Amino acid sequence: MSLRIFNTLSRGVEPFLPLDPGHVRMYVCGMTVYDLCHLGHARSMLAFDVVQRWLKASGYRVTYVRNVTDIDDKIIARAVRNGETITQLTNRMIEALHQDADALGIERPTHEPRATDYVPQMLGIVRQLEDKGLAYRSPNGDVNYAVRKFPGYGKLSGKSLDDLRAGERVAVDDGKQDPLDFVLWKSAKAEEPAEAKWDSPYGSGRPGWHIECSAMSCEMLGESFDIHGGGADLQFPHHENEIAQSEGATGQPLARFWMHNGFVRVDNEKMSKSLGNFFTIREVLEKYDAETVRFFVLRAHYRSALNYSDAHLDDARSALKRLYTALAAVKAEVPESIDWNQPSAARFKVAMDEDFGTPEAVAVLFDLASEVNRTRDASLAGVLQALGGVLGLLQQDPQSYLQAGGAGDGLDEAAIADQIAARAAAKAAKNFSEADRIRQALLAQGIVLKDSPAGTTWERA
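Notes on the structure in this doc start here. (Residues numbered from 1 in each chain as written. Predicted model: local features only at pLDDT ≥ 70, side-chain atom pairs only at ≥ 80, totals over all residues. Heavy atoms only, no water.)

**Things to note about the sheet that holds strand β11 (residues 264-266)**
Backbone hydrogen bonds are what pair the strands of a sheet, in a parallel or an antiparallel way. Taken in spatial order, the three strands make up an open sheet running β12-β11-β13, and their pairing is mixed. Lying at the two open borders of the sheet, with one neighbouring strand each, are β12 (269-270) and β13 (306-307). Where β11 and β12 come together, two bridges link them in antiparallel fashion. Directly across from Val 266, in β12, lies its bridge partner Glu 269. (Pairing = 2+ DSSP bridges. Helix = DSSP H or I, 4+ residues; strand = E, 2+ residues; numbered from the N terminus.)

If you want it as structure tokens, here you go:
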């Protein structure tokens, strides 16, 4: 079975073959770096991390571009409020982004371009659009895109111009010929810092938000490429406007496949900074280990809504521990490469080939763990660990994982070892009531003892 991907553009699942055989070119809209990343950002980064990993596991060479928006209204306002330069703010937030992504085991993209490094390319597209009659200069100094002059507008979002017209909200004196038009180049404002201004044929100013991705994707991947991705909130207007800009300028399809990950929700509302109901990645990692957070996200399909709660994270932690417990009981013989004809691996591949079906792939891991528990087969344990690795899971030492974090943090390993030794001495003296008392006392502190012919091990509840 070959890879099939749900294409937002066609609203259906389609067989995937790259334009360049053996080489996948993928562009994903990244973060606007004015604040710390929240769990919604993590969800998007993890979704496309899995896409990149599975494409590589399938034998493709992948060029993955994830941009950084390092100039926009929010960035300017935050830098001014903080009393720092835009560059100081964005450098600090990009470093924080990398730290958070690394903690979650998210592989770096091949390229991570910053918008401010591609202003000349953006101006080149604006000039092309103006030459083709798709862009016009406004009296206020802005350059706008003429939406009604692009026949395909609305094909990604499924929104008609009449639908958009019914819901339009346009500021007075914004310089637009039509309320649906959007800005390509923003005229500089006197109160804005100098580093937010670039010279251009249209006067001093800065790029609009949408134009940056058209410029960077075209510069780094070509006029047409394989996959364009991002959060569901970007489908309209951002990605719709990218199509209008890029295809209006080049006459070529921008991307063959469009992928959008679902929202993270809190109390049935989308998690977002504007609603104030967000949890930063760092806040979540103060309570839960990074692999639990990764596992929590990957248990849901990337296109589905993901409901955040402590209860769901606790459940993810318990489920992940079941997989590690199976590995802790057997010394895994990890294969150098996965045999995709092996029955469990074949089921895993079928799941992932159907639009990156991580819930079904994770179910294969649990079936394998049950088989490992039953047979104590080291080769099966190796397959379990190898398949987990494809998703960025199960790569820690099992016993170390089971003993880290969770309840019982107040007891260090030396204190636990002393109690286990005292219990062993009590059992040797046939003082079983004392041995049971020690077990129960440790359990009350979140430490679970496990006896086996090889001795007693422990893990945190």
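Structure's up, so let's keep going.
**Concerning empty space enclosed by the protein**
This model, assessed by the stated rule, comprises one cavity of 30 Å³ or more. Taken as a whole, the largest cavity encloses approximately 70 Å³ of empty space. Residue lining of the largest cavity: Arg 43, Ala 47, Val 50, Val 297, Leu 298, Ala 300, Tyr 302, Phe 356 and Thr 358, and that is the complete set. Contributions of two or more residues to the lining of the largest cavity are made by α1 (39-57) and α9 (290-298). Ranked by the residues each element gives to the lining of the largest cavity, the list is headed by α1, at three residues. (1 Å grid on protein atoms, 1.4 Å probe; cavity = no way out; pocket = protein on both sides within 12 Å on 5 of 7 lines; lining within 4 Å. Points joined across faces, edges and corners; volume = space filled by probe spheres on them.)

**Thoughts on the packing of aromatic side chains**
Aromatic ring pairs are defined here through the distance separating the ring centres and the angle between the ring planes. Here the structure, examined in full by the defined rule, presents twelve aromatic pairs. An angle of 80° between the planes, with centres 6.2 Å apart, marks the rings of Phe 16 and Tyr 60 as edge-to-face. Of this pair, Phe 16 sits in the loop between β2 (12-15) and β3 (23-28) while Tyr 60 sits in the loop between α1 and β4 (61-66), and the two are 44 residues apart along the sequence. Aromatic side chains Trp 54 and Trp 340 sit 5.4 Å apart centroid to centroid with 85° between the ring planes, which places their arrangement in the edge-to-face category. (Phe/Tyr/Trp six-rings, centres within 6.5 Å; stacked < 30°, edge-to-face > 60°.)

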